[in-house]
Amino acid sequence: MSTRHRLLSMLVENHPGVLNKVSSMIRRRGMNITSLSVGETDDESVSRMTVAIDVGRAQADQAVKQLYKLIEVIKISDITEDPIIDRELVLCKVTAGRGDRSELLQIIDIFKAKIADVATDSMVIEMSGAEDQVETFLELVRPFGIKEVARSGTVAMTRGREGLRLSAKHQARTPAQQDLAAAERQRRSAGVLVGD
Amino acid sequence: MTGADRMCEAILGAGVGTVFGYPGGAIMPFYDALLRHPLRHVLVRHEANAGFAADGYARISGGVGVCVVTSGPGATNLATALASAFMDSVPVVAITGQVASHLVGTDAFQETDVTGLTLPVTKWSTVVRHADELSPALHRAFAVAVEGRPGPVLVDVCKDVQAGPAAPDGWEPVGQMCRGHRSVDGASLDAVAVLLRGAQRPVILAGHGVLQAGAEAALLRLAEHWKVPVATTLLGLGAFPEDHRLSLGMMGMHGDVQVNRTIDSADLLVAVGMRFDDRVTGDLSKYARNARVVHVDIDAAEMGKNVCPDVALVCDARTALEALVTLPAPHVDQAWPPSVPGSDNRAYLDTLDDTVFVAPQAITLLDRISSDDAIVVTDVGQHQMWEAQFYTHRPGRSLATSAGCGAMGYAVGAGMGAKLAAPHREVWVVCGDGGFQMSSCELATLAQEQLDLTVVVVNNGYLGMVRQWQERFFDRRYSFTRLTGPDLLQLAAAYGILGLRADTAAQADAALRQAQAHAGPCLVDLRVLAEDNVYPMIAPGRPLGEMLVRPGAPHGSERPGLVGDTL
């Protein structure tokens, strides 16, 4: 992560419109999303979002508080300064004539990347790593001629035992319990954060 | 039992007896069910006013206000009212009809993405496309509207869900709602105590949060215990008795010189349930530069948003004030708050002769004759500021106004809501001739419901506040601020309600008294001085210290078209 970016990790309710609410809140506060990834967690009613925004610490703090006011946001944490593992997957289609291949294979080897597809004059390389590694990798293959790039956006979690988990209260699944949990979240939205 | 019956039960279960709305295709099953439930429905003449009425109802009752409109244009018309409730943190539950679930996304007749449309102006919203989602959605809506920092929520219910059988589930009526109370931690309280010990020039800044937490008495106790003066925001009017010796009055852009001077030279601000809006602070970089700040608000996101507090208490105002009162009083300077000679904004009224009739005179008259528990509902503009300045606000929920959003056309609708929330209290709607013409269709509603309230139109033939800014900031180029209007006496007669008119202060006195004695709706046309300005004033973006005062006042020389001296 470059120093300008702040990385937010959050657990949100998994239903239509939530991504819109999250991205819209960030937009409304005049911030720009540089990377975003969403996917279900082990609990199908909960999604995890990892969002990178290009703001300073104080603005990120405001973003976290505003996002936590969204009823559907269950937990949120700014993990920029935590010890984290962050990964991004990139698929990169490069021109690969006969003469270039051995050099490309060396780069692929260094980055522990894979060849996902080969054609007569191009190949698709699959690579994953932290954002700066991805950037370096793309820089190195650029001279060969990049035809296409698809990046997944960063996913991240903190190292060690602690992490962004639902408490038992939030794992309650009956509608009444969900409502209680929502009310509890709302009460806590007065307080500062989470990510226990 | 249908989904629509569930909706009626949910509203009744939340303790709401009156809803405001306007029917249409996609909400018809609900309207049919209304006939089967003991729920009063007020038919407005424009959906925005259903929203404003629900807002007024909520502000005065202290509970939730409910409005019901149809899909598409019904919901888009409602959006302004939701924006106003959102900016002022008013708990409103909006129920909108949506096209049948199988038609969603097909550009069906009167289909609009209502939750998308209202996303930035609601605290929470959801679309109900299946019967089993309905009860949890309603339950959640009523809880979310009042929990923590209150706000408007929206439940968009597909027509087939309303008409179809209600899903059997454990849905219980919400009944009494719990508030988002939190305790004050000891460490923060100790930190406040340290600041208090060092403070000689403290001020308490009270906002809407004090009223919403029902903390008026706690604030009074704290102010008297600490012997610290209290300034209020526009929405904080009523949080502290304005005839109290410690009351400073309203702060900010049109606050009294004395109030802003006091804040500007304070060494400690204890801000309670307010959010340091730009209309309150002026130039933030120069705001109360020598003051330490204790900020109490139930919304953590307000901490450090505009002003960085030395101590942040994320808590409802009442709990916080009750904790703060346990701290020893600061040693307040003898000469605090400072008195600014000749800064009395009211003094100029005494200099007027019978030939002029200005709006502040009318507000002063209203202040004199209105009952002690009267409710005043103001619209947006000059009259709103004059009401704030010249009316003596008593503690409690007695003022409703669109402050943060500044939505013209608010007052007549909100006044209907206020009257129905408190049928035994006197209600005065005060609006300008601009805002009145945005909402005058509601005279029909007043007549149909025979609501006993008075609409006072401060009629100067201008969009006065914009004209004032054109005078001051655009060299008197009055671009489209002159407006004509109907003959209000004939208009009142056309709607079958009492109409009265005044061209002088003496006539105004008689008209207001007659309106007060009249049972039923009444329209009073006050034809006041056309080109009058609200003073004092801080130009937008300027610091608190730079107040423009009325020409002729001892400390000012503001004249039209000239740059005035600043105090």
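Chemist: How do you make sense of the overall build of chain B when you look at a structure like this?
Modeler: Along its length, chain B carries 21 helices and 20 strands. Relative to its length of 567 residues, chain B is compact, with a C-alpha radius of gyration of 24 Å against a globular reference of 24 Å. Reported as C-alpha extents along the three principal axes, the dimensions of chain B are approximately 70 × 65 × 40 Å. Sorting the 567 residues of chain B into buried and exposed places 62% on the buried side. Across chain B, contacts joining residues at least 24 apart in sequence account for 73% of those joining residues at least 6 apart. For chain B, the exposed area adds up to about 20,300 Å²; of that, 52% sits on carbon and sulfur atoms. A gap of 4 Å separates the mean positions of the 42 positive and 60 negative side-chain charges of chain B.

Chemist: What's the story with unusual backbone geometry in this structure? I'm lost.
Modeler: It is generally the case that most residues other than glycine have a negative phi and that most peptide bonds are trans. Residue and element names in this part refer to chain B. In this structure, Pro337 follows Trp336 across a cis peptide bond, with omega equal to 0 degrees. With respect to the secondary-structure elements, Pro337 resides in the loop between α13 (317–324) and α14 (359–369). Following Tyr535, the chain continues to Pro536 via a peptide bond in cis, the omega torsion being -10 degrees. Within the secondary structure, Pro536 is located in the loop between β18 (522–527) and β19 (537–538). Even without being glycine, Ser89 reaches a positive phi, approximately 55 degrees. Judged by its relative accessible area of 7%, Ser89 is buried. Backbone geometry places Arg476, a non-glycine residue, at a positive phi of 60 degrees. Structurally, Arg476 can be placed in the loop between α19 (464–473) and α20 (488–495). Judged by its relative accessible area of 40%, Arg476 falls in the partly exposed class.

Chemist: Please explain the confidence of the model for chain A as it appears in this structure.
Modeler: A low pLDDT means the predicted coordinates there should not be read in detail. Residues and elements named next belong to chain A. Averaged over every residue, the pLDDT of chain A is 85; residues scoring 70 or more account for 83%. Confidence over residues 172–177 falls short of pLDDT 50; this stretch has eight contacts with residues more than four positions distant or in other chains. Every residue in residues 186–196 is under pLDDT 50, and counting partners more than four places away or in other chains gives 36 contacts.

Chemist: Can you help me understand empty space enclosed by the protein in this one?
Modeler: Over the atoms, a rolled probe matching the size of one water molecule traces out where space is still vacant. Residue and element names in this part refer to chain B. The final tally for this structure, using the stated rule, is four cavities of 30 Å³ or more. The computed volume of the largest cavity comes to approximately 90 Å³. In terms of lining residues, the largest cavity is bounded by Arg59, His208, Leu211, Leu234, Leu235, Leu237, Gly396, Arg397, Ser398 and Leu399. Looking at the lining of the largest cavity residue by residue, the classes come out as five nonpolar, three polar and two charged. Surrounding the second largest cavity, eleven residues form its lining, Ala58, Gly62, Pro91, Gln212 and Arg397 being those nearest its centre. Within the residue set of the lining of the second largest cavity, elements represented by two or more residues are α3 (47–61) and α9 (208–212).

Chemist: How should the sheet that holds strand β3 (residues 46–53) of chain A be read in this particular structure?
Modeler: Through backbone hydrogen bonds, the strands of a sheet pair up, either in parallel or in antiparallel fashion. Residues and elements named next belong to chain A. Strand order across the open sheet formed by four strands is β2-β3-β1-β4, with antiparallel pairing between neighbours. Only two strands of the sheet have a single partner each, and these edge strands are β2 (33–40) and β4 (73–78). Strand-to-strand twist across the sheet, computed as the mean angle between neighbouring axes with direction ignored, equals 15 degrees. In this sheet, β3 lies alongside strand β1 (residues 6–13) in antiparallel orientation, the contact comprising eight bridges.

Chemist: What should I look at first to understand the sheet that holds strand β15 (residues 427–432) of chain B in this one?
Modeler: Residues and elements named next belong to chain B. In space, the six strands of this open sheet follow the order β14-β13-β15-β16-β18-β17, with parallel pairing throughout. Each edge of the open sheet is held by one strand with a lone partner, namely β14 (399–401) and β17 (498–502). Pairwise comparison of adjacent strand axes, ignoring direction, gives a mean angle of 20 degrees for this sheet. Contacts between helix α15 (residues 382–390) and the sheet are confined to β13 (375–378), β14, β15 and β16 (454–459), with β13 contributing the most and set at about 150 degrees to the helix.

Chemist: Looking at this structure, I do not really get the pattern of salt bridges. What am I missing?
Modeler: Oppositely charged side chains may form a pair once their charged atoms are brought near each other. Per the stated rule, a full pass over the model turns up 38 salt bridges over all chains. A:Glu72 is the salt-bridge partner of A:Lys21, the closest N and O atoms lying 2.8 Å from each other. Residue A:Lys21 is located in helix α1 (residues 18–28), and its partner A:Glu72 is located in the loop between α2 (57–68) and β4; the two are separated by 51 residues in the primary sequence. Of the charged contacts, one joins A:Lys114 and A:Glu126 as a salt bridge, the two residues approaching to 3.9 Å between their closest N and O atoms. Here A:Glu126 lies in strand β7 (residues 122–129) and A:Lys114 lies in strand β6 (residues 114–118), a separation of twelve residues in the sequence. A:Lys114 sits in the partly exposed class, given a relative accessible area of 49%. Members of the salt-bridge network, linked through shared partners, are A:Lys69, B:Arg149, B:Asp299, B:Glu302 and B:Lys305.

Chemist: Looking at this structure, I do not really get the confidence of the model for chain B. What am I missing?
Modeler: Residues and elements named next belong to chain B. Per-residue confidence for chain B gives a mean pLDDT of 93; residues scoring 70 or more make up 95%. Segment residues 173–180: pLDDT under 50, and 21 contacts once partners within four positions in sequence are set aside and those in other chains are kept. Scored below 50 in pLDDT, residues 554–567 makes 32 contacts in the model with residues more than four places away or belonging to other chains. For this predicted complex, the interface confidence score (ipTM) comes to 0.81, while the overall pTM stands at 0.90.

Chemist: Looking at this structure, I do not really get the side chain of B:Gln162. What am I missing?
Modeler: Residues and elements named next belong to chain B. As for its position among the elements, Gln162 is in helix α7 (residues 159–163). Looking at Gln162, its side chain comes within polar contact range of the main-chain oxygen of Ala26, at 2.9 Å. What Gln162 contacts, discounting residues up to four positions off in sequence, is Thr2, Gly3, Ala4, Met7, Ala26, Ile27, Met28, Pro29, Phe30, Gly97, Gln98 and Val157.

Chemist: Please clarify how the packing of α3(B) against helix α16 (residues 410–421) of chain B should be interpreted in this entry.
Modeler: Two measures define how a pair of helices packs: the angle their axes make with one another and the distance between the axes. Residue and element names in this part refer to chain B. Where α3 meets α16, the closest approach of the two axes is 6 Å, and the angle between their N-to-C directions is 45 degrees. Considering the angle they form, α3 stands oblique to α16. Note on packing geometry: the crossing formed by α3 with α16 is right-handed. Facing α3, whose interface residues are Asn49, Phe52, Ala53, Asp55, Gly56, Tyr57, Arg59, Ile60 and Ser61, α16 presents Tyr410, Gly413, Ala414, Gly417, Ala418, Leu420 and Ala421. Along the lines of polarity and charge, the residues of the contact of α3 with α16 split into nine nonpolar, five polar and two charged.

Chemist: I would appreciate a short explanation of the nonpolar core in the present structure.
Modeler: Soluble, globular proteins show a tendency: their nonpolar side chains are buried together. All names here are of chain B. Counting 88 residues, the largest nonpolar core has Phe30, Val377, Phe436 and Val455 as its most contacted members. Each residue touching Phe30, except ones within four places of it in the same chain, is listed here: Ala4, Met7, Cys8, Ile11, Val68 and Gln162. Counting 37 residues, the second-largest nonpolar core is a separate cluster that includes Leu234, Ile369, Ala374 and Leu512.

Chemist: Teacher, can you tell me more about the pairing of β13(B) here?
Modeler: Every regular strand shows the same layout, with side chains that alternate between the two sheet faces. Residues and elements named next belong to chain B. The alternating pattern of β13 places Ile375 and Val377 on one face and Val376 and Thr378 on the opposite face, and all of these are buried. Sheet analysis places β13 next to β14, joined by three bridges and oriented parallel. Bridging from a neighbouring strand, Val376 pairs with Leu399 of β14. A crossover links β13 with its parallel partner β14, the connecting element being α15, and its sense is right-handed.

Chemist: Got a minute to help me understand the environment of B:Leu349 in this structure?
Modeler: All names here are of chain B. Tracing the sequence through the fold places Leu349 in the loop between α13 and α14. Accessibility expressed as a relative area gives 15% for Leu349, which makes it buried. The spacing of Leu349 and Arg472 is 123 residues in sequence and 22 Å in space, taken between C-alpha atoms. Excluding residues that lie within four positions of it along the chain, Leu349 makes contacts with Val358, Pro360, Gln361, Thr364 and Phe390.

The rules behind these values
- Residues numbered from 1 in each chain as written.
- Chains lettered and ligands numbered in written order.
- Predicted model: local features only at pLDDT ≥ 70, side-chain atom pairs only at ≥ 80, totals over all residues.
- Heavy atoms only, no water.
- Helix = DSSP H or I, 4+ residues; strand = E, 2+ residues; numbered from the N terminus.
- Rg over C-alpha atoms; globule rule 2.2 N^0.38 Å.
- Buried < 20%, exposed > 50% of the residue type's maximum accessible area, 1.4 Å probe, protein only.
- Contact = heavy atoms within 4.5 Å.
- Areas by Shrake-Rupley, 256 points an atom, 1.4 Å probe, with all protein chains shown as cover.
- Lys, Arg positive; Asp, Glu negative; His and termini not counted.
- Charge placed at Lys NZ, Arg CZ, Asp CG, Glu CD.
- pLDDT = per-residue confidence, 0-100.
- 1 Å grid on protein atoms, 1.4 Å probe; cavity = no way out; pocket = protein on both sides within 12 Å on 5 of 7 lines; lining within 4 Å.
- Points joined across faces, edges and corners; volume = space filled by probe spheres on them.
- Nonpolar A, V, L, I, M, F, W, Y, C, P; charged D, E, K, R; others polar.
- Pairing = 2+ DSSP bridges.
- Axes fitted to C-alpha atoms, helices over the stretch in contact; angles between N-to-C directions.
- Salt bridge = Lys/Arg side-chain N within 4 Å of Asp/Glu carboxyl O.
- Polar contact = N/O pair within 3.5 Å; in protein donor to acceptor, adjacent residues only side chain to side chain.
- Parallel < 35°, antiparallel > 145°, perpendicular 65-115°, else oblique.
- Left-handed = near helix turned anticlockwise from the far one by under 90°.
- Core = buried A, V, L, I, M, F, W, Y, C linked by side-chain atoms within 4.5 Å.
- Right-handed = clockwise from strand over helix to strand, strands pointing away.

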